[in-house]
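# Coordinate analysis (summary)
Single-letter residue listing:
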Amino acid sequence: MIDMESGPAPYQEVQPHWFFCRRADDNASWLPFSRKDSDKLENANQEDEVVIAVEGERYDVHVKDRKRYAVYWEQGPTEVRRCTWFYKGNKDTRFMPYPEDFSKRLEAFMISVTLNEWKRKLEFPNGETVILHNPKLMMQYQPIGLQDEWVSSPSEQTRPGTVKRGVNNIPVEIPDGEPEKVDHLVFMVHGIGPACDLRFRSIIQCVNDFRSASLSLLTSHYKRAEQDGLIGRVEFLPVNWHSALHGDATGVDEDIQRITLPSISRLRHFTNDTLLDLFFYNSPTYCQTIVDTVASEINMLHTLFRKRHSDFNGAVSVVGHSLGSLILFDLLTNQRNGSRKHLCIFLPFLPPAQTLSRLGLQQYLDTLQAENVDLESLALCQDGDLKDLGIPLGPRKKILDYVQKKCLSQAFKTGAVHLPEGLQAPPQMTSNSDGNQSTGFTMQQSQFHRAQSVTSAVDYEYFDVGIGQVSIDYPQLAFHPQTFFAFGSPIGMFLTVRGLKQIDPNYSFPTCKSFYNIYHPYDPVAYRLEPMIVTDVDLEPMLIPHHKGRKRMHLELKDSFTRMSMDLKNNVLGSLRTAWQSFSRIPVAALPPVDEGNATTESLNRVCDEAESSGSAEQTEQPEIKVGMLNGGRRIDYVLQEKPIESFNEYLFAIQSHLCYWESEDTALLLLKEIYDKLGVAMEQPQQ
């Protein structure tokens, strides 16, 4: 019911607000557009065939059709309404908007109110009824047919629903809207399976949460810069490769289903749809599909984003979660910085006529000569080039296989090619004629197999940088990423399994100069990377600060007692004051302050000063350690702080820990700090 004024008031037109429908598990909920987007839709409502970009231009609304369409990902259209009247049943948790035509009829009731015309009744097509009894009482009744048979009148029915006029009279949070300016673009690649968290949500929904967290953190931690117009926002876009791998194009799901046992069907379905992605990535055929999908999807999204944001001049970064981080690691490792170097252009070949004759392809000699394709040009050709000349698939494969094998053989014999510095697996040892072991050429030979991957069967030999990845053709990204963020990443484990012992400290990605390995301490899938770079020093990972500006309380207590224990062990006399200071460093407001005149503290400090005076001069600060060039010499491994409840049973929260990053404000703040530090915008610590 709705309370009205005791007397008739002058009629005032209701202010509309635009909503969109979100459906999940056969349940529909209506969410408001931001005030900025709602105003744009309202202004465009009178025009024909207008398309309005909303929600950071990630969606387009076809105003006339009342449909909302996703721009960057596949999603069915959702209904849009211009809402003025709302209702809530006695079992509903939130108000729902009436259909627009029915809202217009309800609004006409308000004119009746001004004319003192009461007890007007409006019926729904489904039998529900709205009755305006008087200025203070408006109700919606369920149809009689849905009640017990003995019900004889509306007054005897169950509790009526509540009706409200105008969005300002219902409890709903309406955002102001996102800044139009985009400072930085981030692509986020998911891991195994179609679901990204314990609620089985898609990568789209999880990235939406991460984006919302970043917008909130910009308001709290970059408030002054935001108010001064120095910053806009960071756009996060999801990259989905799972649907392409498991779609009809590959037919892999159908093939797997034929050999799947019928027992424990739910568990087997979960395994087929999720865990098998790890095996697919180590398969030559499907690894190529996954990498191609990720790269093409990123490039497509990048092109589309630049088209819709023509004034964007910011940098681009990438995020990979779980297996997605390994995919990006391999992809970035195989990017080319600058023009591609072709190694075969100076190597001797048979003349084209003799080459084609040897291959039984003399009929294509005229085709090559017509395009002035000589020996040097032929060595530069790729599959697509020969396809453009009209040469069929079979002959193309023969030509390119012959050319590339000649390249590899001659380059190896002449020593024209050298292993690049960086990621190197252990060389194999062979015995020479004297029976002594020496480093053989297995690594040098095997690294060339990647050049054949386009034209011959893929293999599991070492590729360019020697880390045992399946030899495939790695596509190139259309941009150079500024930073690569890995969430809950198994990169370290995969590199070790591939035979890599150490990452060269001088190695960095060819086109990306910053890299962060971010993980939760209880994440069972995450592995460190710094011990593979700095092998002679035991480095603790960098602790990611809590977004509220301090370490979690249980960790403060744990660290303080640890420091106190270590101090007591190392120096009984000299550690008395240090131990006291270690414990007193706990930033707990509940602890009483120590009086300045406290004799116990002063005496303790004085005794400790005398005991330590002889040895304090010998203490020196540890030099800062440079952790390779993957992150420009800066630290790479960053660990989140576990929550107090998680510390009680780390096994219980293991799976949740691997999926926590999408809603982690601490993780989002680390990304924002890295991004805006490079833009010269400092983070502010919010007031508690």
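By the naming in an unreviewed UniProt entry, the protein chain is DDHD domain containing 2, taken from Gasterosteus aculeatus aculeatus. Listed in UniProt under the heading Sequence similarities (unreviewed entry), the comment for the protein chain reads: "Belongs to the PA-PLA1 family."

Another point: the sheet that holds strand 22 (residues 542–543). In a beta sheet, neighbouring strands pair by backbone hydrogen bonds and run either parallel or antiparallel. Spatially, the 7 strands line up as an open sheet ordered 14-13-15-19-21-23-22, and their pairing is parallel. If you trace the sheet from one side to the other, it starts and ends with strand 14 (233–239) and strand 22, each paired once. Summarising the sheet, strand 19 (residues 484–487) and strand 21 (residues 515–519) pair through 4 bridges and their orientation is parallel. Bridging across to strand 21, Phe 485 finds its partner in Tyr 516. Helix-sheet contacts for helix 3 (residues 203–221) involve strand 13 (182–189), strand 14 and strand 19, and the interaxial angle to strand 14 is about 170°. The strands touched by helix 8 (residues 284–308) are strand 13, strand 14 and strand 15 (315–321); relative to strand 13, the strand with the most contacts, the crossing angle is about 160°.

Read across the sheet, 6 strands follow the order 2-1-6-5-4-3 without closing on themselves; strand pairing throughout is antiparallel. Unpaired on one side and paired on the other, strand 2 (27–32) and strand 3 (51–54) mark the two borders of the sheet. When the angles between neighbouring strand axes are averaged without regard to direction, this sheet yields 30°. As defined by bridge partners, strand 3 adjoins strand 4 (residues 59–62) across 4 bridges and the pair is classed as antiparallel. The residue of strand 4 that forms the bridge with Val 54 is Tyr 59. Across the face of the sheet, helix 1 (residues 35–44) comes into contact with strand 1 (17–24), strand 3, strand 4 and strand 6 (78–83) while running at roughly 175° to strand 3.

Our focus in this paragraph is the pairing of strand 21. The element strand 21 is largely enclosed, with a buried count of 5 among its 5 residues. The alternating pattern of strand 21 places Phe 515, Asn 517 and Tyr 519 and Tyr 516 and Ile 518 on opposite faces, both of which are buried. Of the pairings in the sheet, the one linking strand 21 to strand 23 (residues 637–639) comprises 3 bridges and is parallel in character. Paired with Tyr 519 across the bridge in strand 23 is Val 639.

With that settled, consider the environment of Gly 177. Here Gly 177 lies in the loop between strand 12 (161–165) and strand 13. Gly 177 sits in the partly exposed class, given a relative accessible area of 32%. Each C-alpha atom, one on Gly 177 and one on Phe 33, is 8.3 Å from the other, the two residues being 144 residues apart in sequence.

The next point concerns the pairing of strand 1. Bridge count between strand 1 and strand 6: 4 bridges; the pairing is antiparallel. Bridging from a neighbouring strand, Trp 18 pairs with Arg 82 of strand 6. Sheet topology note: the strand 1/strand 2 ladder contains 6 bridges and is antiparallel. Pairing of Phe 20 across the sheet is with Leu 31, part of strand 2.

This part takes up helix 1. Structurally, the α-helix is built with 3.6 residues per turn, so residues lying three or four positions apart point the same way. Looking only at helix 1, the buried set comprises Asp 37, Ser 38, Leu 41 and Ala 44. One face of helix 1 carries all of its buried residues, which in axial projection span an arc of 130°. On its buried face, helix 1 is in contact with strand 1, strand 3 and strand 4.

Moving on, we come to the packing of helix 8 against helix 9 (residues 323–333). Interhelical geometry of helix 8 versus helix 9 gives an angle of 80° and a closest axis separation of 10 Å. On the basis of their axis angle, the class for helix 8 and helix 9 is roughly perpendicular. From helix 8, Ile 290, Val 291, Val 294, Ala 295 and Ile 298 reach across to helix 9, where they touch Ile 327, Leu 328 and Leu 331. Each residue belonging to the contact of helix 8 with helix 9 can be placed in one class, and the counts come to 8 nonpolar, no polar and no charged.

Cut-offs and rules
- Residues numbered from 1 in each chain as written.
- Predicted model: local features only at pLDDT ≥ 70, side-chain atom pairs only at ≥ 80, totals over all residues.
- Heavy atoms only, no water.
- UniProt positions renumbered as here; feature names shortened; annotations may be inferred.
- Pairing = 2+ DSSP bridges.
- Helix = DSSP H or I, 4+ residues; strand = E, 2+ residues; numbered from the N terminus.
- Contact = heavy atoms within 4.5 Å.
- Axes fitted to C-alpha atoms, helices over the stretch in contact; angles between N-to-C directions.
- Buried < 20%, exposed > 50% of the residue type's maximum accessible area, 1.4 Å probe, protein only.
- Arc of directions from axis to C-beta.
- Parallel < 35°, antiparallel > 145°, perpendicular 65-115°, else oblique.
- Nonpolar A, V, L, I, M, F, W, Y, C, P; charged D, E, K, R; others polar.

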